[in-house]
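Commentary on secondary and tertiary structure
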Amino acid sequence: MLNLNSNIQYIKGVGEKRAELFHKLGIYDVDSLLHFYPRKYEDWTSTKSVKDAENGESVAIRATMISPVKEAMIRRGMTLYKCKFTDGENIINVTIFNNKYLAKALRVYEDYVLFGKLEKNFTTASMSSPKIEKLDTGVSIHPIYPQTGKLTSNGIAKVMKTALEAIDEIPETLDYDIRAKYGLISLDSAIRKIHFPENADDSEAARKRLIFEELLTLQLGLLKLKGSGKKEKTNVNIRDDFSAEFASRLPYTLTNAQQKAIAECVSDMKKDVPMSRLLQGDVGSGKTAVAASLIYTAVKNGYQAALMAPTEILATQHFESFSKMFEGTGIKIELLTGSTKAAEKKRIKLALMDGETDLVIGTHAIIQNDVEFADLALVITDEQHRFGVKQRASLAAKGQGLHTLVMSATPIPRTLGLIIYGDLDISILDELPPGRQEIRTDVVDSTFNGRIYKFIKDAVARGEQCYIICPLVEDSEEIEELKSAEQLAEELSNGAFSGYNLGLLHGKMKAKDKDNVMKAFADGDVSILVATTVVEVGVDVPNATIMLVENAERFGLSQLHQLRGRIGRGDKKSYCILISDTESETSKNRLMIMKKYSDGFKIADEDLKARGPGDFFGERQHGLPRLRIADMLEDIDVLRQAQDCAREILAEDFNLDLPKNKPLCDQINNMFRELTY
């Protein structure tokens with residue numbers, strides 16, 4: 001007897017070799033097979049006659065085969081099979097390409113359903129490679145699955161049917177009260193109906209149940225990881241607000257948006273429960289000043305603060321920025337990264353433990369087990385999406401009921417933000433400091449390279465600087481047409497930009513070498529910097545006015561927007577040039593969004609629509625599991641219901657120890673098992 005844990009190869013009709021094809025789709029057992037959902041359906045229940053069908057329409061036609069199959073080899077490896085069918089009034093000429101199995105299975109005078117594109121004129125009707133099923137099984141709604149190589153959608157459907165017939169009942173995972181409250185059908189019914197619905201109502205009811213459960217499982221997992229299911233009290237006592245005192249020290253006036261965000265955060269920090277707030281804003285909107293103000297208030301109240309950045313370059317930039325802002329205040333700051341020397345690390349850790357250091361800035365090095373604080377009150381993470389959920393939780397665990405501020409310069413669509421930051425309040429910096437210019441963006445192909453290089457030379461002659469961005473670090477055999485940063489830097493330094501000060505920066509360089517290159521660029525000693533996306537969160541270079549992006553179609557829109565934010569930081573007109581030779585209309589249209597919009601949030605929404613959450617931040621950078629059926633954009637209302645339900649469950653049973661919640665605990669473990677943090 002089959003059960004959910006049975007190996008896929010033991011389903012009748014699979015076997016060891018075919019199981020390997022299923023493995024390519026991530027299917028290893030019966031359970032993962034049943035949760036491999038159709039991506040769409042073909043409705044064969046509404047059949048039409050040739051007469052009633054439109055020319056070029058994809059249609060299901062009931063027809064009888066009236067001629068034997070004739071075989072013709074048109075070239076080596078390509079065989080055509082021709083035969084005739086009739087719907088009772090008209091003859092349909094059918095051509096089958098390279099499908100010997102289907103051609104041999106067809107029988108004259110038997111009844112079938114043909115599904116495909118119908119081509120017709122005044123005298124003839126024809127179908128090229130239609131799907132053909134026997135009439136007694138064909139008149140139904142057919143699931144269409146993602147397929148791979150020799151494993152077709154039809155083949156997957158047959159194995160799915162065999163598996164479902166062999167399993168008596170799929171065990172329930174949701175408590176009856178939850179199903180009743182949200183109007184959900186049983187899991188057994190949902191799984192059977194999602195694969196083989198009899199009508200649209202069936203598939204809709206199945207989708208509703210499965211989407212709800214998937215989003216509920218995700219929310220439970222995230223809330224448990226963040227520990228926010230419990231409304232803990234904080235031991236931190238922020239009595240006085242020093243925001244005005246800090247603002248008076250700045251050589252510029254904070255924007256209204258910055259002042260509002262600071263006020264919201266301080267209000268949270270004065271409460272008896274920990275602050276959990278997301279600070280969002282485009283590159284250059286002033287998040288650093290907001291963070292500095294909160295740190296100032298925390299330290300002046302007698303506490304310590306910690307700021308974690310995803311890269312050493314960004315951590316170093318923050319260290320330099322905060323050192324300048326806190327000059328003369330008596331606030332003691334330390335920088336702790338992976339490349340900090342052992343003796344220095346030991347000194348910094350002792351100073352943190354003794355309370356001699358007020359603020360530590362660093363990479364994931366500051367969440368190591370041996371880093372302890374005397375009285376940590378405020379934890380800030382920058383570019384939050386680049387940290388896995390567990391990394392963020394590790395930093396928050398360094399104190400009791402800590403206040404948490406999450407900063408992101410990557411504008412996150414509202415829907416995705418609700419999932420990643422479902423338990424956070426959100427402050428948005430939607431106002432750029434005065435003097436920031438809009439950047440002109442152009443999308444061109446590589447035939448423009450000559451003109452672009454002259455444009456760059458003219459800018460360098462005026463004393464300006466330029467970034468040239470590549471998607472790869474070194475040569476790739478798999479993607480030969482993409483120039484790596486190293487190859488392009490060599491070509492340009494020996495060719496178009498021979499004699500120019502050209503630098504190279506990529507993620508595989510040693511931290512010290514990266515810092516030296518960025519410092520040389522910031523100081524103006526390097527005029528043209530060839531780089532990978534490591535500059536996405538690089539230092540500010542107000543003199544950089546041109547951003548040239550090679551193979552721009554290889555980047556996400558939000559990533560391109562981040563890169564574009566590295567220029568236009570001074571008072572000179574700046575230009576972003578996206579180069580792409582792609583033939584894909586979809587890719588071309590995506591890039592035109594960059595030309596059309598400068599608002600990061602609008603671009604983020606378009607990016608999410610185009611690519612889906614799985615690729616939104618790059619592979620797995622957002623620390624979220626893959627969703628099999630839920631859609632971030634379409635299922636926002638279900639997401640809110642699932643969040644409410646998750647909070648109710650955790651309020652009653654945070655550890656999910658109750659028998660009714662045990663299946664959900666297993667679901668969470670399965671969903672989050674694949675994540676790498």
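What you see is a predicted model, and the numbers here were worked out from it, not measured in a lab.

**So, the side chain of T337**
Note on placement: T337 falls in the loop between strand 12 (333–336) and helix 13 (342–354). Taking the relative accessible area as the measure of exposure, T337 reaches 4% and is therefore buried. In contact with T337, other than residues within four places in its own chain, are E312, A315, K345, G362, T363 and A365.

**Things to note about the pattern of salt bridges**
What the rule picks out here adds up to 25 salt bridges. Among the salt bridges present, the one from K193 reaches D202, with a minimum N-O distance of 3.7 Å. A residue is classified by how much of its surface remains accessible, and K193, at 27% relative accessible area, is partly exposed. Taking the shortest distance from any N to any O, the salt bridge between D666 and K662 comes out at 3.0 Å. Of this pair, D666 and K662 both sit in helix 24 (residues 662–673), separated by 4 residues, roughly a single helical turn. Residues participating in the shared-partner salt-bridge network are E172, R179, R209 and E213.

**A short note on the packing of aromatic side chains**
Counted by the stated rule, this structure contains 12 aromatic pairs. Taken together, a centroid distance of 5.5 Å and an interplanar angle of 45° make the contact between F246 and Y296 tilted. Taken together, the positions of F246 in helix 9 (residues 243–249) and Y296 in helix 11 (residues 287–300) put the pair 50 residues apart, joining distant regions of the chain. Like Y296, F246 is buried. Relative to F326, the ring of F322 lies with its centre 5.9 Å away and its plane at 35°, an arrangement referred to as tilted. With a relative accessible area of 0%, F322 lands in the buried category. Through a chain of ring-to-ring contacts, three or more aromatic side chains come together here, namely F246, Y296, F322 and F326. Directly above the ring of F196 sits K161, whose terminal nitrogen or CZ lies 4.8 Å from the centroid.

**Points about the sheet that holds strand 17 (residues 440–444)**
Pairing is parallel across the open sheet formed by 6 strands, whose spatial order is 17-22-21-18-20-19. Among the strands making up the open sheet, the edge pair consists of strand 17 and strand 19 (502–505). Between one strand axis and the next, the sheet turns through 15° on average, direction left out of account. Sheet topology places strand 19 next to strand 20 (residues 528–531); 4 bridges connect them, and they run parallel. Along strand 20, the bridge assignment pairs L505 with A531.

**Let's talk about helix 10 (residues 256–269)**
Under the 1.5 Å per step criterion, the end-to-end length of helix 10 is 20 Å for 14 residues, consistent within 8% with the ideal 20 Å. For helix 10, the set of buried residues is A257, Q258, A261, I262, C265, V266, D268 and M269. Angular distribution of buried residues about the axis of helix 10 spans 160°; they occupy a single face of the element. Exposed side of helix 10, more than 90 degrees from the buried face: N256 and K260 are the residues found there. Buried-residue contacts for helix 10 involve helix 9, strand 10 (276–281), helix 11, strand 15 (403–408) and strand 16 (425–429).

Conventions used here
- Residues numbered from 1 in each chain as written.
- Predicted model: local features only at pLDDT ≥ 70, side-chain atom pairs only at ≥ 80, totals over all residues.
- Heavy atoms only, no water.
- Helix = DSSP H or I, 4+ residues; strand = E, 2+ residues; numbered from the N terminus.
- Buried < 20%, exposed > 50% of the residue type's maximum accessible area, 1.4 Å probe, protein only.
- Contact = heavy atoms within 4.5 Å.
- Salt bridge = Lys/Arg side-chain N within 4 Å of Asp/Glu carboxyl O.
- Phe/Tyr/Trp six-rings, centres within 6.5 Å; stacked < 30°, edge-to-face > 60°.
- Lys NZ or Arg CZ within 6 Å of the ring centre and 35° of its normal.
- Pairing = 2+ DSSP bridges.
- Axes fitted to C-alpha atoms, helices over the stretch in contact; angles between N-to-C directions.
- Expected span 1.5 Å × (residues − 1).
- Arc of directions from axis to C-beta.

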